[in-house]
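The residues making up each chain are set out below.
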Amino acid sequence: MWTLLLFGCPGPSDSASDSPSPDSALSCEVEAPDAGVLDIEGVAACGQPIFEAYCGGCHGDDGRGTTGAESGPDLSGHVPAHTDEELAYVLLAGQGDMPASGLSNDRNAHVLAWLRATFGDYDGQGH
Ligand code: HEC
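Computed from a predicted structure; not experimentally measured.

Undergrad: Looking at this model, I keep getting lost on the coordination of the iron atom of the ligand. Mind explaining?
TA: Octahedral metals with six donors have ideal donor angles of 90 or 180 degrees. Tetrahedral metals with four donors have an ideal donor angle of 109.5 degrees. Distances from the iron atom of the ligand to its protein donors, namely H59 (NE2) and M98 (SD), fall within the range 2.0 to 2.1 Å. Considering all six donor atoms around the iron atom of the ligand, angles at the metal cover 81 to 179° and the coordination shape is octahedral. Residue H59 is found in helix α2 (residues 56-59), and its partner M98 is found in the loop between α3 (84-93) and α4 (105-119); the two are separated by 39 residues along the sequence. Residue M98 is classed as partly exposed on the basis of its relative accessible area of 27%.

Undergrad: Explain the packing of helix α1 (residues 44-54) against α4 to me, please; I cannot follow it from the model alone.
TA: Helices that pack against each other are described as a pair by the angle of their axes relative to one another and the distance between those axes. At a closest axis distance of 7 Å, the pairing of α1 and α4 adopts a crossing angle of 100°. Between α1 and α4, the interaxial angle falls into the category roughly perpendicular. Contact residues: A44, C46, G47, Q48, I50, F51 and Y54 in α1; R107, H110, V111, A113, W114, L115 and A117 in α4. Of the residues that constitute the contact of α1 with α4, the class distribution is 10 nonpolar, three polar and one charged.

Undergrad: Please clarify how the site of the ligand should be interpreted in this entry.
TA: Taken together, 21 residues surround the ligand, and among them C55, C58, H59, H78 and M98 come closest. For the ligand, an oxygen atom lies 2.5 Å from a polar atom in the side chain of H78. Between the ligand and the protein, one listed contact pairs an oxygen atom with a side-chain N or O atom of H82 at 2.7 Å. When atom positions are compared with the pocket grids, the ligand is found to occupy the largest pocket. When residues of the shell around the ligand are traced back to their parent elements, those giving at least two are α1, α2, α3 and α4. When its residues are assigned to classes, the shell around the ligand shows 13 nonpolar, seven polar and one charged.

Undergrad: What is the right way to look at the pattern of salt bridges in this model?
TA: Oppositely charged side chains can form a pair if their charged atoms are brought close together. In this structure the tally under the stated criterion is one salt bridge. The salt bridge involving R116 is made with D84; its shortest N-O contact spans 2.8 Å. Here D84 lies in helix α3 and R116 lies in helix α4, a separation of 32 residues in the sequence. Look at R116 and you get buried, because its relative accessible area is 12%.

Undergrad: When you look at the layout of surface pockets in this model, what are you seeing that I'm missing?
TA: A probe as big as a water molecule, rolled over the atoms, marks out the empty space that is left. When its volume is computed, the largest pocket comes out at roughly 690 Å³. Together, 26 residues line the largest pocket, and H59, L75, V90, M98 and P99 are the ones closest to its centre. Of all the secondary-structure elements, those providing two or more residues to the lining of the largest pocket are α1, α2, α3 and α4. Broken down by element, the residue count for the lining of the largest pocket peaks at three residues, all from α3. For the lining of the largest pocket, the per-class residue count stands at 17 nonpolar, seven polar and two charged.

Conventions and cut-offs
- Residues numbered from 1 in each chain as written.
- Predicted model: local features only at pLDDT ≥ 70, side-chain atom pairs only at ≥ 80, totals over all residues.
- Heavy atoms only, no water.
- Donors = N, O, S within 2.8 Å, 3.2 Å for Na, K, Ca; no water.
- Tetrahedral: all angles 85-135°; square planar, octahedral: opposite > 155°, others 65-115°.
- Helix = DSSP H or I, 4+ residues; strand = E, 2+ residues; numbered from the N terminus.
- Buried < 20%, exposed > 50% of the residue type's maximum accessible area, 1.4 Å probe, protein only.
- Axes fitted to C-alpha atoms, helices over the stretch in contact; angles between N-to-C directions.
- Parallel < 35°, antiparallel > 145°, perpendicular 65-115°, else oblique.
- Contact = heavy atoms within 4.5 Å.
- Nonpolar A, V, L, I, M, F, W, Y, C, P; charged D, E, K, R; others polar.
- Near = heavy atom within 4 Å.
- Polar contact = N/O pair within 3.5 Å; in protein donor to acceptor, adjacent residues only side chain to side chain.
- 1 Å grid on protein atoms, 1.4 Å probe; cavity = no way out; pocket = protein on both sides within 12 Å on 5 of 7 lines; lining within 4 Å.
- Sits in = over half its atoms within 2 Å of the grid points.
- Salt bridge = Lys/Arg side-chain N within 4 Å of Asp/Glu carboxyl O.
- Points joined across faces, edges and corners; volume = space filled by probe spheres on them.

If you want it as structure tokens, here you go:
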């Protein structure tokens, strides 16, 4: 099991100055956190600690996969093979042995931005 970390993405009611995050210069708050995942402009730097906390246990903190009891594939090939819609759907609904992320839409949007920044845009090739 991995530990759920407290990181600097304060909820909508926290003001940025109250943020416990050491990296308080970075605002991870979005205007409408409940908007659709694809309607929120995620920030890759906000997505990284979320990925490490919620996804890294299976995919590795760098997203390149792990083996073992809770293993997840290396995402470097998966991310470019999917459209944003498909990736958002995997996060919201899960797929196969992967559980739904259970994250709020703004956090899913940040994670999606981190996946794109790390592994690239949809390559248009389908899969
Ligand atoms: C309990 C382990 C586990 C966790 C936690 C997990 N995944 Fe996965 N993930 C998997 C497995 C297993 C697969 C392969 C799913 C399948 O059978 O198609 C997968 C597949 C994926 C894929 C590829 C989907 C495809 O069709 O190509 C993406 C993208 C992905 N995960 C992202 C994430 C993100 C982002 C998180 C964190 C929010 C996360 N995963 C959390 C286990 C996990």
